[in-house]
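Examining the three-dimensional arrangement
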Amino acid sequence: RYGEDLTLAIDLRLQFLAYRELKAAVESHRATSGSLVMLDVSTGEILALVNQPSYNPNDRSDRPAVGMRNRAITDTFEPGSTIKPFTVLAALESGEYTRQSTFNTSPGFVRIGNKVIEGRDRGVITLETALQKSSQVAITRLALQLDERAVYDTLVSAGVSEYAGTGMPGEVAGSMSDAGLRYPVVRATLAYGYGLAVTPLQLASAYLTLATGGIRLPVSIIRQDQPPAGERVFREDQVWDVLSMMEGVTDHNGTAPLARVEGFRVAGKTGTARKVGKTGYSDELHAAWFAGIVPATSPRLVTVVMINDPKGMETGGGDVAAPVDGRVMARALRLLGVSPDEASAD
């Protein structure tokens, strides 16, 4: 209201920490750009929001066009396998699957019409292992067995296709459509994060819904005097089941052991999305993602890291984005005085 003070939710300590780690990662991987968003699970407040390249308004020699965009809310990318936890949640919601449901990943690919979805032959694995190992084949087989709107409706409930609603200039809604769901290949690719586009802030907002146990909260750049009223969109027991499975991702046998934080149990998911080049999807252009929730036992923070077009030997989310998340989370938990888990995962 007119005449009242506005206080940003940004925590200067966490903002500086996130900025430093993101800048180091973008430079070391010679990436085109990068973004990091950190949310407070209890309030939906944005505690840190940083981008690289950045822009210093005090430096007139800086090139405004390079860094003036708030990429975390304006630039959209296909999120890749970071969508898989929502596919798993859709399976649990159907009532026909549990974490021990099995899928045959042989012979290492799935043919849908003239489209071949490649992966790895891991034999017969459980749904839990499929998420831990990010099995493209198992998730594809799952998607083809679910109702054609199951994954899409779960993503909509998590807010993937809507504005985060911060009111910040330039915020975009991303894109996702149900127009092609009658086609099996569209349902399959949606289940592992292709055919839709999100901003890092949108993905963080969706993961916030998991961290709250299925309650969708508004995201705010302004400090909240009290926790906002949320809307329950998922069953709490099913969300906690998914979070428990996501802990396997940061296990030594998962795709993101580099996101581990000593003393804490971390739930998360990697994503490595191929980007579209001049002749279709490129094998050389990637968006590397990691979305993390910590502590997994009683979530306090949600962080999303996106590194755009890393160059070099390492291009995957587990190698490029997950380490950034792990370093930022470790320091943030100490700064916020969060007590370690009594028994963290080995």
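Presented here is a report on the structure given in the accompanying data block. (Residues numbered from 1 in each chain as written. Predicted model: local features only at pLDDT ≥ 70, side-chain atom pairs only at ≥ 80, totals over all residues. Heavy atoms only, no water.)

**With respect to the sheet that holds strand 1 (residues 33–40)**
With antiparallel pairing, the five strands of this open sheet are ordered in space as 2-1-11-10-9. Taken across any chain shown, the strands that pair with only one partner, and hence form the sheet edges, are strand 2 (46–52) and strand 9 (267–277). Taken over all neighbouring pairs, the strand axes of this sheet differ in orientation by 10° on average, direction set aside. Note that strand 1 and strand 11 (residues 301–308) share eight bridges and pair antiparallel. Pairing of Met-38 across the sheet is with Thr-303, part of strand 11. With respect to the sheet, helix 1 (residues 12–28) is in contact with strand 1, strand 2 and strand 11, its orientation differing from that of strand 2 by roughly 30°. (Pairing = 2+ DSSP bridges. Helix = DSSP H or I, 4+ residues; strand = E, 2+ residues; numbered from the N terminus. Axes fitted to C-alpha atoms, helices over the stretch in contact; angles between N-to-C directions. Contact = heavy atoms within 4.5 Å.)

**Remarks on the packing of aromatic side chains**
Any two aromatic rings considered together are summarised by their centre-to-centre distance and by the angle between their planes. All told, the structure shown has four aromatic pairs when counted by the stated rule. Where Tyr-192 meets Tyr-194, the ring centres are 5.8 Å apart and the plane angle is 70°; that geometry is what we call edge-to-face. The pair formed by Tyr-192 and Tyr-194 is uniform in burial state, with each residue classed as buried. Seen in terms of ring centroids, Tyr-194 and Tyr-281 are 5.4 Å apart; in terms of plane orientation they differ by 80°. Their pairing is edge-to-face. Residue Tyr-194 is found in the loop between helix 8 (184–191) and helix 9 (200–211), and its partner Tyr-281 is found in strand 10 (residues 280–294); the two are separated by 87 residues along the sequence. Given the relative accessible area of 13%, Tyr-194 is considered buried. With a relative accessible area of 39%, Tyr-281 lands in the partly exposed category. Among the aromatic residues, those joined into a cluster by ring pairs are Tyr-192, Tyr-194 and Tyr-281. (Phe/Tyr/Trp six-rings, centres within 6.5 Å; stacked < 30°, edge-to-face > 60°. Buried < 20%, exposed > 50% of the residue type's maximum accessible area, 1.4 Å probe, protein only.)

**Let's talk about the environment of Val-233**
Relative to the helices and strands, Val-233 is located in the loop between strand 8 (231–232) and helix 10 (236–246). Under the relative-accessibility criterion, Val-233 is labelled partly exposed at 21%. Residues Val-233 and Arg-122, 111 residues apart in the sequence, show an inter-C-alpha distance of 34 Å. Once you skip the residues sitting within four places of it in the chain, Val-233 turns out to touch Glu-93, Ser-157, Thr-209, Gly-214 and Arg-216.

**Concerning unusual backbone geometry**
Note that the residue after Gln-52, namely Pro-53, is joined by a cis bond; omega there is -5°. With an omega of 5°, the peptide bond running from Ser-106 to Pro-107 counts as cis. Counting through the fold element by element, Pro-107 comes out in the loop between strand 3 (102–104) and strand 4 (109–112). Even without a glycine there, the phi angle at Ser-134 is positive, about 55°. Here Ser-134 lies in the loop between helix 5 (127–133) and helix 6 (136–145). Judged by its relative accessible area of 16%, Ser-134 falls in the buried class. Despite not being glycine, Asp-309 shows a phi value in the positive range, around 60°.

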